Amino acid sequence: MPWYDLPLDQLREYRTSTVEPAGLDDWWRGKVQQARDVAQAPRPVRYREDLYQSIEVHDTQFSGAGGDLIRAWYLRPANATGRTPHLVKFIGYGGGRSLPNDHLMLPALGYGLLVMDTRGQGGRWSPGATGDSPAGGGVAGPENSTVMTRGIASPETYYYTRLFTDAVLAVDAVRALAGPDAPLGVTGVSQGGGLAIATAALHGDAIRVCHADVPFLCDFQRAITLAPKPPYTEIPEFLDRNVDLIDAALDTLRYVDCALLARRVTASTLVSVGLMDITCPPSTVFAAYNEIPATDKEIAVFPYSGHDSYPSHVERQLAHLREHLPAAG
């Protein structure tokens, strides 16, 4: 794949042209508060003590949007205390929380970790366990689904409104499980990277570190006219046959655009981008990164890479964690 987007010097200056909805902060505060008003305490159940001994693993449920129960894995070192730093990990598009053995690195290095399952996904490259709510069609379990246009006619009914709310309440769940003094971070790749940015924005100063690899869900209105492959292409394909919904859909997307929400991120942030990424065009990633007001932010640019999590980037992330969210030992 050639370099098809803006040159790097222009990417570093690029800003989204999408106008932020009036009252966006109040709207999101209302959505999150509605979910908190009906939330139940997290329900952790110890999982496979015979396999996981130096690391505690809990099969957990917590309340998300609308009070829906969201599945998660909660992993922590066996010697964890109320000051052990914790991260919430979000999953890429189509995947679910998988099994605990896919998430052992950070707990092995002294961090607590809550891996949020993704409602209504988990039917493609990693298994999930959580259905979407009745508002999304009443699905009881994971799906091999395409969700980019589910409820897109209104921000009140849009799928990503529910998913962003789940992500914010996942941080609430970690606070309840780890203790109120545990330092917190968020992390994810692709869709997970977008959710990390959104959560760092909507949870404000509670989040100390944000790792967002090749983030999805950024600068929608450019992405859907530039990306040549799914998931962004789900939206223009839908609007091609539903032209009466174009204005409503574009308005809805403004409420969940991480390039707009990024303006609220205060966490120490590390982003990655591949300049040959045809899933999440580089300009859309820079659109979010360039809006982050945090003075402590970095972007790792991979000139000849596409849409991936880069093994060479992991140690840079670990060093960033050790500096900004240090674990004992």
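Since this is a predicted model, take the numbers as computed values, not measurements.

Calculation criteria
Residues numbered from 1 in each chain as written. Predicted model: local features only at pLDDT ≥ 70, side-chain atom pairs only at ≥ 80, totals over all residues. Heavy atoms only, no water. Helix = DSSP H or I, 4+ residues; strand = E, 2+ residues; numbered from the N terminus. Polar contact = N/O pair within 3.5 Å; in protein donor to acceptor, adjacent residues only side chain to side chain. Core = buried A, V, L, I, M, F, W, Y, C linked by side-chain atoms within 4.5 Å. Buried < 20%, exposed > 50% of the residue type's maximum accessible area, 1.4 Å probe, protein only. Contact = heavy atoms within 4.5 Å. Pairing = 2+ DSSP bridges. Expected span 1.5 Å × (residues − 1). Arc of directions from axis to C-beta. Axes fitted to C-alpha atoms, helices over the stretch in contact; angles between N-to-C directions. Phe/Tyr/Trp six-rings, centres within 6.5 Å; stacked < 30°, edge-to-face > 60°. Lys NZ or Arg CZ within 6 Å of the ring centre and 35° of its normal. Disulfide = S-S within 2.5 Å.

Undergrad: What's the story with the side chain of His203 in this structure? I'm lost.
TA: Structurally, the position occupied by His203 is in the loop between helix 5 (191-202) and strand 7 (207-213). A polar contact is formed between the side chain of His203 and the side chain of Asp172, at a distance of 2.9 Å.

Undergrad: Teacher, can you tell me more about the nonpolar core here?
TA: Among soluble globular proteins, nonpolar side chains are generally buried collectively. Core analysis: the biggest nonpolar cluster contains 77 residues, and Met116, Tyr160 and Phe164 have the highest contact counts within it. In terms of residue count, the dominant contributor to this core is helix 4 (residues 159-178) (13 residues). Apart from the residues lying within four places of it in its own chain, the contact partners of Phe164 are Trp28, Leu195, Ala198, Leu217, Val256, Cys258 and Leu261. With 15 residues, the next largest nonpolar core counts Ile55, Leu75, Tyr111 and Leu321 among its residues.

Undergrad: Even after reading the chapter, I still don't get the pairing of strand 4 (residues 86-90), so can you show me in this structure?
TA: With four of its five residues buried, strand 4 lies for the most part within the structure. Bridging between strand 4 and strand 5 (residues 112-116) involves four bridges; their strand directions are parallel. Pairing of Leu87 across the sheet is with Leu113, part of strand 5. Sheet topology note: the strand 4/strand 6 (residues 184-189) ladder contains five bridges and is parallel. By the bridge assignment, Leu87 is partnered in strand 6 with Gly185.

Undergrad: For this particular structure, what's the right way to read helix 11 (residues 311-324)?
TA: Side chains of residues three or four places apart in an α-helix project in the same direction, reflecting 3.6 residues per turn. Here helix 11 is 14 residues long and its end C-alpha atoms lie 21 Å apart, about the 20 Å a rise of 1.5 Å per residue gives. Along helix 11, the residues that are buried comprise His313, Gln317, His320, Leu321 and His324. Along the axis of helix 11, the buried residues cluster in a sector spanning 100°; they form a single face. Seen from the open side of helix 11, the exposed residues pointing more than 90 degrees away from its buried face are Pro311, Ser312, Glu315 and Glu323. The secondary structure elements touched by the buried residues of helix 11 are strand 4, helix 3 (105-108), strand 7, strand 8 (268-274) and strand 9 (297-302).

Undergrad: Looking at this structure, how should I read the sheet that holds strand 7?
TA: The strands making up a sheet associate through backbone hydrogen bonding, with each pair oriented either parallel or antiparallel. As summarised here, the arrangement of the nine strands in space is 1-2-3-5-4-6-7-8-9, forming an open sheet in which the pairing is mixed. Either end of the sheet is taken by a strand with one partner, and the two such strands are strand 1 (43-46) and strand 9. Mean inter-strand twist for the sheet, computed between neighbouring axes without regard to direction, equals 20°. Its contacts with the sheet place helix 4 against strand 1, strand 2 (55-63), strand 3 (69-77), strand 4, strand 5, strand 6 and strand 7, and it is angled at close to 150° to strand 5.

Undergrad: Hey, could you run me through the environment of Met105 in this one?
TA: Take Met105: it is sitting in helix 3. Relative accessible area serves as the criterion here: at 44%, Met105 is assigned to the partly exposed category. In the structure, Met105 is positioned 191 residues away from Asp296 in sequence and 25 Å away in space, judged by C-alpha atoms. With near-sequence residues (within four places) excluded, Met105 lies in contact with Val314 and Leu318.

Undergrad: Please explain the packing of aromatic side chains as it appears in this structure.
TA: A full pass over the atoms with the stated rule returns 12 aromatic pairs. Between Tyr47 and Trp73 the ring centres are 4.8 Å apart and the planes differ by 55°, which places this aromatic pair in the tilted class. Of the two residues, Tyr47 is situated in the loop between strand 1 and strand 2 and Trp73 in strand 3; the sequence distance between them amounts to 26 residues. Taking the relative accessible area as the measure of exposure, Tyr47 reaches 24% and is therefore partly exposed. Exposure remark for Trp73: the relative accessible area of 2% places this residue in the buried category. Ring-pair connections join several aromatic residues into one group, and the members of that group are Trp27, Trp28, Tyr158, Tyr159, Tyr160, Phe164 and Tyr255. The ring centre of Trp73 lies 3.8 Å from the NZ or CZ of Arg97, which sits over that ring. The ring of Tyr14 has Arg222 sitting right over it, with the charged end atom 5.4 Å from the ring centre.

Undergrad: Explain helix 8 (residues 246-255) to me, please; I cannot follow it from the model alone.
TA: Three or more residues of helix 8 are buried, namely Ala249, Thr252, Leu253, Arg254 and Tyr255. Taken together, the buried residues of helix 8 touch helix 2 (24-37), helix 6 (220-226), helix 7 (234-241) and helix 9 (258-261).

Undergrad: Looking at this structure, I do not really get the state of the cysteines. What am I missing?
TA: In protein chemistry, a disulfide is the covalent bond that joins the sulfur atoms of two cysteines. All told, the structure shown has zero disulfides when counted by the stated rule. Looking at the unpaired Cys210, the closest cysteine sulfur is the one in Cys258, lying at 9.3 Å. You can see Cys258 has no disulfide; the closest cysteine sulfur is in Cys218, sitting 4.8 Å from it. In this structure Cys258 comes out as buried when scored by relative accessible area, which is 0%.

Geometric values such as these leave the question of function open.
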